[in-house]
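For reference, the chains in residue letters:
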Amino acid sequence: MNTNGDNNTGGGRVRTAALTGVRALVLAVVVPVGSITLFVLSVVSIAFVPLGIGIVTTPWVLAGVRGFANWRRLVAAQWCGVRIPPAYRPLPKDANPWTRCFGLLGDPATWRDLMWLPVDMIAGFVTALLPAALLTYPFEGFALGAGLWQVFTDGTRVGWWYGFVPISGQLSALAAAALGAALLVTGVYTAPLLLRVHFLLTRSVLASGQGELAERVRVLTETRRDAVDTSAAELRRIERDLHDGAQARLVAMGMDLGTVEALIEKDPAKAKQLLANARKSSAEALTELRDLVRGIHPPVLAERGLGDAVRALALRLPISTEVEVELPGRAGEPVEAAAYFAVSEVLTNAVKHSGADRIWVDIHHSPEPGGMLRIAVTDDGSGGATVGAGSGLSGVERRLGTFDGVLAVSSPAGGPTMVTMEIPCELS
Amino acid sequence: MRVVLAEDLFLLRDGLVRLLEAFDFEIAAAVETGPELTRALAELNPDIAVVDVRLPPSHTDEGLQCALAARRARPGLPVLVLSQHVEQLYARELLADGAGGVGYLLKDRVFDAEQFIDAVRRVAAGGTAMDPQVIQQLLTRRQADDRPLGRVTPRELEVLELMAQGRSNAAIAGQLVVTERAIAKHTSNIFAKLGLEVSDDDNRRVLAVLAYLDQDR
């Protein structure tokens, strides 16, 4: 609805109503013309697909349909604040007509558009016409009352019906004017709501349906379960490592120190040796804690972010690794961590199995709507890597899935292997 | 010798102050945040700064950044960086200006007070003190690469490792329990194998080794 501060005052309300009337009128004219034309063209074009001509024309026509639908999305948001999110699948930019055509036809959003057109040409037209009529029709009543009735009748018979008022003279013409006034008042109060109804109707057909939502919910449930499982396993591992490692060493250290306390006067030489032992235990406990911390949240990642963390990681690998980073900011901490561990896992795989001499890591972020973090890890090894049950890569895939990220592996036998990861995220 | 110390954990700061004072260092300032460190370094003009990598308020690598900035303002300002973890990435940044007088050690190295104080003195004198872990990583990596280092004998590798940490021939000889002349022979062999000019300067020696280890990656 109009968000002007004055839309509750009389003048504001009339202005809003006038604007609504004009908008409804525009819609009442454009809607049937547009939707009928586009529907006919779409049906004909899709019918011609088997003949071949349709393959070329369909993308054009469907682009028109999308344009029309997107225009409605735009005005719905601007005029009435009704948001209708588009849900089109992205098409490759330089695809040939064949892939474009079938890509478009395979998109459920396209079929929603096509189903919407007949609904729009009837129900959409009516719901746009009603507010337009409510705001324009009264003026005919005023005109009649002002003397226009004389054109239709000489006062002896009914010459014109205004609504349900038969006009046969000045008196009935004034009744028509009164009806017009009543209609106008109704229109001023209800037209914005009616136009909103029109857009809500548009949304109910155009917005992605229940099926897609159900699919999304299924995916989210699955990735959430994975995330919970992974973090539970991670916590178990950390607990076990602490219990078997650092904790045990600290206990040993305490015992050594206790013995030192008892021995220090009786046998200083032995006490000294135990002290050295205790110091060694503490150093080892620290080393283990350090490794553990690296496994939970690597220090360089915390200090510098993804780019330098991967660079530092590359420096520790036994295979020479080139890292290219193009990140204008930092991603959210959970995304950074997921991306880091994904890269770490892929690199570990490459070191263990690929037999490569060199590895290249490329990290960049493209600011397209919503943003996308892209990471490619390439090695010149022998290839043959697969994403399958039990492979490290499927673990990476699940890890990324939590963030709606995806993983693609190209690894023909004989190499090279290229692992690409994409995580939608914004940089700060 | 006047020391500026930056460490945010009270216990460790206190311990370091006591340790350094026990070895006759004068603590010019013991601070706990990055901005305080920057101010102390600019105003007090210490002989050496002992700095924790991670400092408040950002709790990222603020200490390292302050130290690097201070070294840009006063080239060659001796800086010993302490950290809970050591990364080659940071070691490189410290060594990058080639001016010497840098150290980068794990915090646990203070357990061995003598060695730690030795490292502080070495850095203050314009030498280097690199943590054995950094060197170890570099050397493993290079051996896996099968480059000229592959021809270095295990004993020479030991010498190289200590040399890269910043030790002098005398210190290496002491540690390996051999004569200084034997070490001198080893080092000249290593330099020959690596194709480096021999130099008496400890600092240049380390930089040369690190630069070599670093090249053509």
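Just so it is clear, the model here is predicted, and its values are computed rather than measured. (Residues numbered from 1 in each chain as written. Chains lettered and ligands numbered in written order. Predicted model: local features only at pLDDT ≥ 70, side-chain atom pairs only at ≥ 80, totals over all residues. Heavy atoms only, no water.)

**Digging into the packing of aromatic side chains**
All names here are of chain A.
Okay, so step 1: Following the criterion strictly, the structure yields eight aromatic pairs over all chains and no others.
Okay, so step 2: Ring centres 6.4 Å apart and planes at 25 degrees place the aromatic pair F68 and W71 in the stacked group. Residue F68 and its partner W71 are both found in helix α2 (residues 53–80); the two are separated by three residues, about one turn of the helix.
Okay, so step 3: A relative accessible area of 29% places W71 in the partly exposed class. (Phe/Tyr/Trp six-rings, centres within 6.5 Å; stacked < 30°, edge-to-face > 60°. Helix = DSSP H or I, 4+ residues; strand = E, 2+ residues; numbered from the N terminus. Buried < 20%, exposed > 50% of the residue type's maximum accessible area, 1.4 Å probe, protein only.)

**Considering the environment of L19 of chain A**
Residue and element names in this part refer to chain A.
Okay, so step 1: For L19, the position within the fold is in helix α1 (residues 10–47).
Okay, so step 2: Residue class for L19 comes out partly exposed when judged on its relative accessible area of 40%.
Okay, so step 3: C-alpha of L19 to C-alpha of W79: the two residues are 60 residues apart in sequence and 9.4 Å apart in space.

**Digging into the interface of chain B and chain A**
Okay, so step 1: Contacts between chain B and chain A engage 24 residues on the former and 23 residues on the latter.
Okay, so step 2: Summing both sides of the interface, chain B and chain A together bury roughly 2100 Å²; the carbon and sulfur share of this comes to 48%.
Okay, so step 3: Remark: the boundary between chain B and chain A carries six salt bridges.
Okay, so step 4: The closest approach of N and O atoms between E87 of chain B and R294 of chain A, which form a salt bridge, is 2.7 Å.
Okay, so step 5: Here chain B and chain A share 10 residue pairs in polar contact (both at pLDDT 80 or more) between them.
Okay, so step 6: Breaking the side of chain B that touches chain A down by element, the ones donating at least two residues are α3 (62–73), α4 (88–95) and α6 (132–145) of chain B.
Okay, so step 7: It is α4 of chain B that provides the largest number of residues to the side of chain B that touches chain A, a total of five residues.
Okay, so step 8: Looking at the side of chain B that touches chain A residue by residue, the classes come out as eight nonpolar, six polar and 10 charged. (Contact = heavy atoms within 4.5 Å. Buried area = accessible area lost by both parts, 1.4 Å probe. Salt bridge = Lys/Arg side-chain N within 4 Å of Asp/Glu carboxyl O. Polar contact = N/O pair within 3.5 Å; in protein donor to acceptor, adjacent residues only side chain to side chain. Nonpolar A, V, L, I, M, F, W, Y, C, P; charged D, E, K, R; others polar.)

**Concerning the packing of α2 of chain A against helix α4 (residues 108–145) of chain A**
All names here are of chain A.
Okay, so step 1: Between α2 and α4, the shortest axis-to-axis distance is 10 Å and the interhelical angle comes to 70 degrees. Looking at the two axes, α2 sits roughly perpendicular to α4. At the point where α2 passes α4, the crossing takes the left-handed sense. For the pair α2 and α4, contact is made by L62, V65, R66, F68, A69, R72 and R73 and by T110, D113, L114, W116, L117 and D120, respectively.
Okay, so step 2: Its residues placed into classes, the contact of α2 with α4 shows seven nonpolar, one polar and five charged. (Axes fitted to C-alpha atoms, helices over the stretch in contact; angles between N-to-C directions. Parallel < 35°, antiparallel > 145°, perpendicular 65-115°, else oblique. Left-handed = near helix turned anticlockwise from the far one by under 90°.)

**Some thoughts on the sheet that holds strand β2 (residues 26–31) of chain B**
All names here are of chain B.
Okay, so step 1: Sheet architecture is open: six strands sit in the order β2-β1-β3-β4-β5-β6, paired in parallel fashion. Taken across any chain shown, the strands that pair with only one partner, and hence form the sheet edges, are β2 and β6 (128–130). Recorded for the sheet is a direction-independent mean angle of 20 degrees between the axes of neighbouring strands.
Okay, so step 2: Alignment of strand β4 (residues 79–83) against strand β5 (residues 102–106), held across five bridges, turns out to be parallel. In the strand pairing of β5, V81 is matched with Y104.
Okay, so step 3: Where helix α1 (residues 10–22) meets the sheet, its contacts fall on β1 (2–6), β2 and β4, and the angle it forms with β2 comes to roughly 170 degrees. (Pairing = 2+ DSSP bridges.)

**Looking at the pattern of salt bridges**
Okay, so step 1: Per the counting criterion, the structure on display carries 24 salt bridges over all chains.
Okay, so step 2: Between E7 of chain B and K107 of chain B there is a salt bridge, with its nearest N and O atoms 3.3 Å apart. Here the residue E7 of chain B occupies a position in the loop between β1 and α1, and K107 of chain B occupies one in the loop between β5 and α5 (113–124), the gap between them amounting to 100 residues. Accessibility assignment for this pair places E7 of chain B and K107 of chain B in one class, buried.
Okay, so step 3: A salt bridge links E32 of chain B to R13 of chain B; the nearest nitrogen and oxygen atoms lie 4.0 Å apart. Here E32 of chain B, found in the loop between β2 and α2 (34–44), pairs with R13 of chain B, found in helix α1; they are 19 residues apart in sequence, far enough to count as distant.
Okay, so step 4: R13 of chain B gets classed as buried once you look at its relative accessible area, which sits at 12%.
Okay, so step 5: Three or more residues joined by partner-sharing salt bridges are found here, namely R304, D308 and R311 of chain A together with D61 and E93 of chain B.

**Here we look at the sheet that holds strand β3 (residues 320–326) of chain A**
Residues and elements named next belong to chain A.
Okay, so step 1: One open sheet holds the five strands; their spatial order is β3-β4-β5-β7-β6, and the pairing between them is mixed. Edge strands, defined here as strands with exactly one partner in the open sheet, are β3 and β6 (406–410). Between one strand and the next, the sheet's axes are offset by a mean angle of 10 degrees, whatever the strand orientation.
Okay, so step 2: By the bridge criterion, five bridges tie β6 to strand β7 (residues 417–424) in an arrangement that is antiparallel. Counterpart to S410 in the pairing with β7 is M418.
Okay, so step 3: Sheet strands in contact with helix α10 (residues 306–316) are β3, β4 (358–366) and β5 (372–379), and its direction is about 175 degrees off that of β3.

**Examining the UniProt feature "modified residue: 4-aspartylphosphate" (unreviewed entry) in chain B**
Residues and elements named next belong to chain B.
Okay, so step 1: Mapped onto the present numbering, the UniProt feature "modified residue: 4-aspartylphosphate" (unreviewed entry) falls on D52.
Okay, so step 2: Within the element layout of this structure, D52 appears in strand β3 (residues 48–52).
Okay, so step 3: Residue D52 is classed as buried on the basis of its relative accessible area, which comes to 4%.
Okay, so step 4: Setting aside chain neighbours within four positions, we find D52 in contact with A6, E7, D8, G63, L64, L82, S83 and K107. (UniProt positions renumbered as here; feature names shortened; annotations may be inferred.)

**Some points on the side chain of E62 of chain B**
Residue and element names in this part refer to chain B.
Okay, so step 1: Tracing the chain through its elements places E62 in helix α3.
Okay, so step 2: Despite its burial, E62 pairs with no opposite charge, the nearest such side chain being R39 at 10.0 Å.
Okay, so step 3: If sequence neighbours within four positions are ignored, E62 has contacts with G34, P35, V53, L55, P56 and P57. (Lys, Arg positive; Asp, Glu negative; His and termini not counted.)

**Digging into unusual backbone geometry**
Residues and elements named next belong to chain B.
Okay, so step 1: Residue P57 is bonded to the preceding P56 through a cis peptide linkage, with omega at 0 degrees.
Okay, so step 2: Note on placement: P57 falls in the loop between β3 and α3.
Okay, so step 3: Unlike most non-glycine residues, N45 shows phi in positive territory, near 50 degrees.
Okay, so step 4: Summarising the element assignment, N45 is placed in the loop between α2 and β3.
Okay, so step 5: Residue class for N45 comes out partly exposed when judged on its relative accessible area of 45%.
Okay, so step 6: Unlike most non-glycine residues, V177 shows phi in positive territory, near 50 degrees.
Okay, so step 7: The residue V177 is located in the loop between α8 (169–176) and α9 (180–194) in this model.

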